[in-house]
Amino acid sequence: MRYRGLVVGSLVVMLVVGCAFALLAQEKFGLKDIPEIKNKKPINMIVETGAAWDKVIEYIKQFETVTGVKVNIERVASPVVYSKENVELMAGTGYYDVVYVETSWTCEWSDYLFDLEELAAKYDPKGVEGFREDIQNISPVLLRCGQAYGKQMVLPFYTYHMGMFLRQDVYDDPTEQAAFKAKYGYDLKPPTTYKELYDQAEFFTRKKGDTLKGKTLDHDLYGVAMMAGAYQINDEISCWIWGMGGDYATVVRNPDGTIKEFVITKKDKDILKQALAQYKDLLKFAPAGCLTANFDFACAQQGEGFAIIQPHQFASLFTWTADLLKEKVPDGKLGIYPTIGGQPYTGAWSLGVARASKNPEAAYWLVRYIASYDCQKVLMKEGGQFSARMDLLLDPEFHSPETEYPLGLVCSYLVDIWKQQAPYVDNYWYFNTRAGGKVYEMQMNVLHKPMAEEVTIDECVEELVAKTIELTSKFDTVPIREE
């Protein structure tokens, strides 16, 4: 298997590993377990465009048939979801009964969402304990990202936890291994430090007419492909600063565990400056198009054989990139590894129930159903996305000789990386502030500016700090200060 084994001693890790076989054997909640829904009012939800929802929507129709509740589904591109939902939530219109939530928005929207355990107590014949028993199948890390102040506000739909994609066939090539060791003095292996990543990005950047694996290139080759455009760069920078022991702000807690304040420490600012400088330095080994790139460009560069490493990419895109590589470079093969520092951006699109919903009963059961084993298996087998359910990721069906690459590889990576991050996720700033969504949206533009030479790195950090404090002071009750 092409993933790095990780060992972390924590209760959450023990849950992931120790309960693995129990989760596989446990009876699964499904459509048959939904009791009669008394409220038959139609419910509304908003979701992304794309193949994942194309497939799951067919199963939502089964929900309609069984429950007698009509589900109206609005579909938009993912960048529009926040703005459309935020207006309705803040106005309390109840237009969307089921709310589509990116993990960094959870605390921000917590006043507008039901605690799912509150609904379980009211509507579930098995009560809160039945709800808790069912969700133990879901990654504890992603469940924590969907909590606000200890309350479970949402359940994950699919995960796009990040990882590092690299050309495994190139790393395994004896010619490349020998040449790398001769030049840098150490063995070629998946990078675990910035220096190794920089060396390898430099080493693999070549011109048309040079060779790769002993064969002459008919195109330029780049060491890395990155998403430096003003949309997803903040997810990459999150990987970088978390892996270096920093954050956009440090969460300071009282002795009882409640949040006392947020502090943007000198360490946080120094780490952010270092991360931005290193990121910008790597761009010299990336295609020029990376300056305006999102995930599609970066994956295509690697999949079409023009780039060797994606230092940070959404794990949900691994199979697509691998399939493209197989088509364009038949002997090519990908590997997936932790990002530098082993703390990649941890994310999921999730579903919750609006407090202003006209039918929270039906909305609750739809959220439970979409998070169920049956729907999530469709998501993985037909929709091309990765479930947050460990019982699915560990299912032998995804680890057969036919499915291990590329599907099983990612499943194993996700379970491993959740073990790695379990001790840290509770204190990630995004998942502790009501300003997370606002700050997240702001960061996309600000963090892009130094890459496009619009501002210096120091100016970028100064602007980011000022806007983080402004937005947090306005939208959160927890005080924030700069050290």
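Residues numbered from 1 in each chain as written. Predicted model: local features only at pLDDT ≥ 70, side-chain atom pairs only at ≥ 80, totals over all residues. Heavy atoms only, no water.

- An unreviewed UniProt entry lists the chain under the name Extracellular solute-binding protein, from Candidatus Caldatribacterium saccharofermentans.
- Reading the Sequence similarities (unreviewed entry) entry of the UniProt record for the chain gives the comment "Belongs to the bacterial solute-binding protein 1 family."
- Under the UniProt heading Subcellular location (unreviewed entry), the entry covering the chain gives this text: "Periplasm". (UniProt positions renumbered as here; feature names shortened; annotations may be inferred.)

1. Considerations on the environment of Q302
Part 1: Residue placement: Q302 occurs in helix α13 (residues 295–303).
Part 2: Excluding residues that lie within four positions of it along the chain, Q302 makes contacts with F165, L166, R167, A307, I308, I309, Q310, T321, L325 and L334.
Part 3: Reaching out from Q302, the side chain makes a polar contact with the side chain of Q310 at a distance of 2.9 Å. (Helix = DSSP H or I, 4+ residues; strand = E, 2+ residues; numbered from the N terminus. Contact = heavy atoms within 4.5 Å. Polar contact = N/O pair within 3.5 Å; in protein donor to acceptor, adjacent residues only side chain to side chain.)

2. Describing the layout of surface pockets
Part 1: Space inside the largest pocket adds up to approximately 760 Å³.
Part 2: Around the largest pocket, the lining comprises 30 residues; the ones closest to its centre are E48, S78, Y158, F295 and W349.
Part 3: Of all the secondary structure elements, the ones that give two or more residues to the lining of the largest pocket are α3 (51–67), α4 (78–91), α14 (318–328) and α19 (436–448).
Part 4: Here the lining of the largest pocket is built from residues that sort into 17 nonpolar, 9 polar and 4 charged.
Part 5: Looking at which domains feed residues into the lining of the largest pocket, each of domain 1 (35–161 + 347–394) and domain 2 (162–344 + 413–482) gives three or more. (1 Å grid on protein atoms, 1.4 Å probe; cavity = no way out; pocket = protein on both sides within 12 Å on 5 of 7 lines; lining within 4 Å. Points joined across faces, edges and corners; volume = space filled by probe spheres on them. Nonpolar A, V, L, I, M, F, W, Y, C, P; charged D, E, K, R; others polar. Domains from an automatic or database assignment.)

3. Digging into the domain arrangement of the chain
Part 1: For the chain, the assigned domains read domain 1 (35–161 + 347–394) and domain 2 (162–344 + 413–482).
Part 2: Its C-alpha centre places domain 1 at a distance of 29 Å from the equivalent point of domain 2.
Part 3: Contact residues are listed per partner, giving 29 residues for domain 1 and 30 residues for domain 2.
Part 4: Of the roughly 2500 Å² buried where domain 1 meets domain 2, counting both sides, 61% is carbon and sulfur surface.
Part 5: Contact with domain 2 buries surface across domain 1, with S104, R144 and H161 losing the most and accounting together for 28% of the total. (Buried area = accessible area lost by both parts, 1.4 Å probe.)

4. Brief notes about the packing of α13 against α14
Packed helix pairs are characterised by how far apart their axes lie and by the angle those axes make with each other.
Part 1: At a minimum axis distance of 8 Å, the contact between α13 and α14 shows a crossing angle of 35°. You can see that α13 and α14 cross each other, and the crossing is right-handed. Between α13, through D296, C299, A300, Q302 and G303, and α14, the contact on the second element is made entirely by W320, T321, L324, L325 and K328.
Part 2: Tallied by class, the residues present in the contact of α13 with α14 amount to 5 nonpolar, 3 polar and 2 charged. (Axes fitted to C-alpha atoms, helices over the stretch in contact; angles between N-to-C directions. Left-handed = near helix turned anticlockwise from the far one by under 90°.)

5. Overview of the packing of aromatic side chains
Part 1: Within the structure shown, the criterion is met by 38 aromatic pairs.
Part 2: Cluster of aromatic residues (ring-pair linked, three or more members): W53, Y82, Y100, W105, W109, F157, Y158, Y160, F314 and W349. (Phe/Tyr/Trp six-rings, centres within 6.5 Å; stacked < 30°, edge-to-face > 60°.)

6. A word on the sheet that holds strand β7 (residues 162–167)
Across a sheet, paired strands are connected by hydrogen bonds in the backbone, their directions being either parallel or antiparallel.
Part 1: Pairing is mixed across the open sheet formed by 4 strands, whose spatial order is β10-β13-β7-β14. Lying at the two open borders of the sheet, with one neighbouring strand each, are β10 (222–224) and β14 (334–337). The average undirected angle you get between the axes of adjacent strands in this sheet is 25°.
Part 2: Two elements, β10 and strand β13 (residues 307–314), share 2 bridges in a ladder whose sense is parallel. Within the sheet, the bridge partner assigned to Y222 lies in β13 and is A307. (Pairing = 2+ DSSP bridges.)

7. Observations concerning unusual backbone geometry
Part 1: That bond from Y405 to P406 is cis: its omega, 5°, falls within 30 degrees of zero.
Part 2: By the secondary structure assignment, P406 is in helix α18 (residues 404–421).
Part 3: Its identity as a non-glycine residue notwithstanding, Y149 has a phi of 55°, on the positive side.
Part 4: On the basis of relative accessibility, which here comes to 38%, the residue Y149 falls in the partly exposed class.
Part 5: Phi at E453 is positive, roughly 60°, even though this residue is not glycine.
Part 6: Along the chain, the position of E453 falls in the loop between α19 and α20 (457–475).
Part 7: For E453, a relative accessible area of 59% gives the class exposed. (Buried < 20%, exposed > 50% of the residue type's maximum accessible area, 1.4 Å probe, protein only.)

8. Observations regarding the side chain of T433
Part 1: Within the element layout of this structure, T433 appears in the loop between α18 and α19.
Part 2: The class of T433 is buried, set by a relative accessible area of 0%.
Part 3: A distance of 2.7 Å separates polar atoms of two side chains, one belonging to T433 and the other to D476.

9. Regarding the side chain of D391
Part 1: Within the secondary structure layout, D391 lies in helix α17 (residues 390–393).
Part 2: Overall, the relative accessible area of 0% leaves D391 in the buried class.
Part 3: In this structure the side chain of D391 is engaged in a polar contact, spanning 2.8 Å, whose partner is the side chain of R389.

10. Description of the pairing of strand β3 (residues 98–102)
Part 1: In terms of residue burial, β3 counts as a mostly covered element, since 5 of its 5 residues are buried.
Part 2: Neither face of β3 is left uncovered, since the one carrying V98, Y100 and E102 and the one carrying V99 and V101 both have all their residues buried.
Part 3: Bridge count for β3 against strand β15 (residues 348–353) is 5 bridges, and the pairing is antiparallel. Residue pairing in the sheet places V99 in a bridge with G352 of β15.

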